[in-house]
Amino acid sequence: MAPMGIRLSPLGVAVFCLLGLGIIYHLYAGVISNRLSAFRQVKKVDLRELLAVSVEAAVLGGKEVKRVRNENSLNEKSKGETREGAKELLTTGDLQSHRKMFNLLSNTFPDVKVHSEERDNALDSVTWDKKIPAEILEKVKESTEVPADSITVWIDPLDATQEYTESLVKYVTTMVCVAVEGRPVIGVIHLPFTGLTAWGFVGQGSNVQARSSYSYNPPKVIVSRSHSGEVKKFIQDAFGNSTTIITAGGAGYKVLSLLDIAASDSDPMDQADVYVHITFIKKWDICAGAALLKALGGHMTTLKGEDIDYSGTPLNKGGLVATIGENHKFIIEKLPNWDPEKH
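Keep in mind it's a predicted model, so treat the numbers as computed, not measured.

The rules behind each value
- Residue numbers restart at each chain and count upward from 1, following the sequence in its written direction.
- Selection of residues for local features in this predicted model requires a pLDDT of at least 70, selection of side-chain atom pairs for listing and counting requires 80 or more, and totals for whole chains, interfaces and linings are taken over all residues.
- For the side-chain quantities, the full set of heavy atoms in the structure was used; hydrogens and water were omitted.
- Comment: elements are numbered from the N terminus, with helices defined as DSSP H or I runs of at least four residues and strands as E runs of at least two.
- Working definition: with a 1.4 Å probe on protein chains only, accessible area under 20% of the residue-type maximum means buried, over 50% means exposed, and in between means partly exposed.
- Any pair of residues with heavy atoms lying within 4.5 Å of one another is described as a contacting pair.
- Using the Shrake-Rupley algorithm and a 1.4 Å probe, accessible areas are obtained, with residue cover drawn only from the displayed protein chains.
- Helix span, as expected, comes to 1.5 Å for every residue beyond the first.
- Polar contact is defined as a pair of N or O atoms within 3.5 Å, subject to the rule that within protein one atom must be able to donate a hydrogen and the other to accept it, and that residues adjacent in sequence are counted only when both atoms are side-chain atoms.
- Note: two strands are recorded as paired if DSSP finds a minimum of 2 bridges between them.
- Fitted lines through C-alpha atoms serve as axes, helices being fitted only where they are in contact, and the angles separating the N-to-C directions of these axes extend from 0 to 180 degrees.
- UniProt positions are given in the numbering used here, feature names are shortened, and annotations may be inferred rather than shown by experiment.
- Aromatic rings from Phe, Tyr and Trp, with only the six-membered ring used for Trp, were paired whenever their centres fell within 6.5 Å, and each pair was classed as stacked if the ring planes differed by under 30 degrees, edge-to-face if by over 60, and tilted otherwise.
- Should the NZ of a Lys or the CZ of an Arg lie within 6 Å of a ring centre and within 35 degrees of the ring normal, that charge is described as sitting over the ring.

**A word on the overall build of the protein**
Each helix and strand in the protein was counted, giving nine helices and 17 strands. Within the protein, buried positions represent 46% of all 343 residues. Considering only residue pairs separated by 6 or more positions, the protein has 71% of its internal contacts joining residues 24 or more positions apart. Put simply, the protein shows about 17,600 Å² of open surface, and 51% of that area lies on carbon and sulfur atoms.

So, in structure tokens, the structure goes:
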């Protein structure tokens with residue numbers, strides 16, 4: 001209550017309050033504006049850093065894959081069957097590799113979608129040391145930032161599990177792929193049993209290279225061991241009975257067979273000119289290879305020559321053709337009509 005005999009003017013009170021609010025606004029408007037701006041700001045990811053973490057994830061996963069195989073503690077079981085009737089196997093190597101790879105990527109980039117072939121709720125506190133390898137700094141000179149919600153990461157903790165259980169370890173890889181707006185941009189393929197890690201960053205560089213020459217008349221074609229009967233006829237119909245057909249395990253290994261990759265004398269890597277797959281295949285199997293090839297001027301498309309969208313659902317229903325150089329269209333045109341959904 002005002003002192004006796006003094007009346008407060010309603011207008012004066014209003015003016016005083018407005019002045020007070022004005023002073024508060026002047027003092028705190030900047031703080032409030034900055035906080036609102038930060039809230040609305042799109043979160044971004046540095047792709048050079050994501051490449052470094054992808055390489056580390058593939059290597060960490062590979063160490064688990066090799067350790068489990070050397071300890072012979074696979075504990076293999078079937079997850080089901082492929083459309084061709086081959087068993088889809090799961091081993092301790094798959095799971096342990098998944099835990100390292102998935103958690104490292106998720107812990108470092110919590111706003112990025114990471115899709116793995118395996119599912120497991122076990123958490124791992126593995127973290128990135130924030131050091132970018134000199135090899136990457138040398139070839140990728142500048143940072144490139146993109147919105148986190150535009151990125152999809154595909155990881156395959158153990159490619160060629162069937163061969164892994166058979167000790168055909170030359171085919172085994174661990175893979176990480178980064179797609180931006182559905183387009184493959186970063187691909188990492190690691191060979192756990194030789195220690196080689198191949199990576200490519202589209203438009204930036206790669207630590208591997210294409211071979212100096214390829215043959216396309218006829219080409220050497222690499223295909224999957226799991227359905228070699230059907231695909232051999234498909235390849236021979238396209239290029240003739242004299243075509244050399246190489247059967248191998250693992251999509252990652254097949255992509256590397258198109259490149260200039262040094263291998264041990266005791267277990268040399270196959271060398272192919274074209275990689276063909278004529279049935280359904282998952283994106284975590286092929287995305288890393290697609291990015292690596294693209295970084296080197298190569299191509300990976302469906303059997304009809306269509307680009308593959310590496311966002312959304314994991315399944316690619318269009319089969320695939322992978323090549324290096326300028327002969328991709330020529331190869332596509334040679335292929336007979338084939339509908340993977342009917343086989």
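**Quick notes on helix α2 (residues 47-71)**
Residues spaced three or four apart along an α-helix point in a common direction, a consequence of the helix completing one turn every 3.6 residues. Taking 1.5 Å of rise per residue, 25 residues should cover 36 Å, and α2 covers 36 Å from first to last C-alpha, within 8% of that figure. Capping of α2 at its N-terminal end is provided by aspartate 46; its side-chain oxygen lies 2.9 Å from the backbone amide nitrogen of arginine 48.

**A short note on the sheet that holds strand β13 (residues 274-277)**
Read from one edge of the open sheet, five strands run β12-β11-β13-β17-β15, paired in mixed fashion. Edge positions in the sheet fall to β12 (245-248) and β15 (299-301), since each has one partner strand and no second. Neighbour-to-neighbour, the strand axes of the sheet open up by a mean angle of 20°, direction not taken into account. Here helix α8 (residues 283-295) sits on the sheet in contact with β15 and β17 (320-323), set at roughly 140° to β15.

**Digging into the sheet that holds strand β9 (residues 197-201)**
Spatially, β4-β6-β7-β8-β9-β10 is the arrangement adopted by the six strands of the open sheet, whose pairing is mixed. The open sheet has two edge strands with one neighbour each: β4 (113-116) and β10 (205-206). Bridging between β9 and β10 involves two bridges; their strand directions are antiparallel. Directly across from glycine 200, in β10, lies its bridge partner serine 206. The sheet contacts of α2 involve β6 (151-159), β7 (173-180), β8 (183-190) and β9, and relative to β7 the element is tilted by about 160°. Against the sheet, helix α3 (residues 92-108) contacts β4, β6 and β7, and its axis sits at roughly 155° relative to β6.

**Some thoughts on the pairing of β4**
Burial along β4 is one-sided: the residues Val114 and Ser116 are buried and none of Lys113 and His115 is. Bridging between β4 and β6 involves four bridges; their strand directions are parallel. In the strand pairing of β6, histidine 115 is matched with tryptophan 154.

**Describing the UniProt feature "binding site: Mg(2+)" (unreviewed entry) in the protein**
If you check UniProt for "binding site: Mg(2+)" (unreviewed entry), the listed places come out as Glu117, Asp156, Leu158, Asp159 and Asp285 in our numbering. Annotated residues spanning 169 residues; largest pairwise C-alpha distance 9.5 Å, indicating a single compact cluster. The class of aspartate 156 is buried, set by a relative accessible area of 0%. Not counting chain neighbours up to four residues away, the residues in contact with aspartate 156 comprise Met101, Glu117, Thr173, Thr174, Met175, Trp284 and Asp285.

**Things to note about the packing of aromatic side chains**
One pass over the full model with this rule turns up four aromatic pairs. In this structure, arginine 69 is placed above the aromatic ring of tyrosine 164, and the distance from its NZ or CZ to the ring centre is 6.0 Å.

**Notes on the pairing of strand β11 (residues 221-224)**
A regular strand places its side chains so that they alternate between the two faces of the sheet. Of the pairings in the sheet, the one linking β11 to β12 comprises four bridges and is parallel in character. The residue of β12 that forms the bridge with isoleucine 222 is isoleucine 246. Taken together, the two bridges between β11 and β13 define a ladder with parallel strand orientation. Residue valine 221 lies in a different strand from β13, and its bridge partner there is valine 274.

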